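A structural walkthrough
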Amino acid sequence: SSEGRAPSAPRADATHIPQETSSMTPHNSTFQLGASDTVLLTVKAQLSRLGYDVGDATSPEFDRDLDSTIKHFQQRRGLFSDGVLGPQTFEQIELARHQLGDRVLRFDPVRPFRGDDVAKLQGKLSDLGLYAARIDFVFAETTDAAVRDLQKNLGLNVDGVAGPRTLRGLDAVTRGSASGNIF
């Protein structure tokens, strides 16, 4: 826990130090049909961006439309489809937030990139025989090495950054190709 490593500024109670998190709400929050909270506006916006029908996206209400959408999302993500918006569902919504090409991906050992975009990249690299590890949604050392291999094979600058040029090269070699190592 980071509580034992509180900043040197005096604090009466170290338990109030906020934990840094990339998710949109605290890990222990849950919402279900009938709830109302402004965080539901963010949830609705993200699910809408992913193509889900969330009903009234301007309402902070957890209504029947959102309940149905959450159940559908949970089912598609392999979660228990109970309509409860809890830690696992929040985590999956966060992972689904980025699609490949939305952001530049690179290895950052302190704050690794996580998401569906990373999983998609890992899958494409795997199809080419460049990535043999489990698809885990995390841009770590193995993904970095695979991106560098791809860049080398494409004659690009080898920096491990999956940016526009690398992704265009990846699309060019994966479009219409069957599984297998093409290099």
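In case you missed it, the structure is sitting above this.
Definitions and cut-offs
Residues numbered from 1 in each chain as written. Predicted model: local features only at pLDDT ≥ 70, side-chain atom pairs only at ≥ 80, totals over all residues. Heavy atoms only, no water. Helix = DSSP H or I, 4+ residues; strand = E, 2+ residues; numbered from the N terminus. Contact = heavy atoms within 4.5 Å. Areas by Shrake-Rupley, 256 points an atom, 1.4 Å probe, with all protein chains shown as cover. Phe/Tyr/Trp six-rings, centres within 6.5 Å; stacked < 30°, edge-to-face > 60°. Buried < 20%, exposed > 50% of the residue type's maximum accessible area, 1.4 Å probe, protein only. Expected span 1.5 Å × (residues − 1).

**So, the overall build of the chain**
- Scanning the chain from N- to C-terminus turns up 6 helices and 0 strands.
- Element order for the chain, N to C, with α for helix and β for strand: α-α-α-α-α-α.
- Long-range contacts, defined here as pairs at least 24 residues apart, represent 40% of the contacts in the chain between residues at least 6 apart.
- Entry remark: accessible area of the chain is about 10,800 Å², with carbon and sulfur atoms responsible for 48%.

**Concerning the packing of aromatic side chains**
- Tallying each qualifying case throughout the model produces 2 aromatic pairs.
- Note on F31 and F90: the rings are 6.1 Å apart at their centroids and 75° apart in plane angle, and the pair reads as edge-to-face. Of this pair, F31 sits in the segment before α1 (39–49) while F90 is found in helix α3 (residues 87–96), placing the two residues 59 residues apart along the sequence. Accessibility classification places F31 together with F90 in one group, the buried group.
- Considering the side-chain rings of Y52 and F73, the 5.7 Å spacing of their centres and the 75° angle between planes classify their relative orientation as edge-to-face. Within this pair, whereas Y52 is found in the loop between α1 and α2 (64–76), its partner F73 is found in helix α2, the two being separated by 21 residues in sequence.
- Accessibility expressed as a relative area gives 11% for Y52, which makes it buried.
- Overall, the relative accessible area of 1% leaves F73 in the buried class.

**Side note on helix α5 (residues 141–154)**
- Between its terminal C-alpha atoms α5 stretches 20 Å, which fits the 20 Å expected from 14 residues at 1.5 Å a residue.
- Looking one or two residues past α5, G155 carries a phi angle of roughly 75°, positive in sign.

**As for helix α4 (residues 116–127)**
- In this model α4 runs 16 Å from its N-terminal to its C-terminal C-alpha over 12 residues, within 8% of the 16 Å that 1.5 Å per residue would give.
- Buried-residue contacts for α4 involve α3, α5 and α6 (164–174).
- In the stretch just after α4, G129 is the one whose phi turns positive, near 80°.

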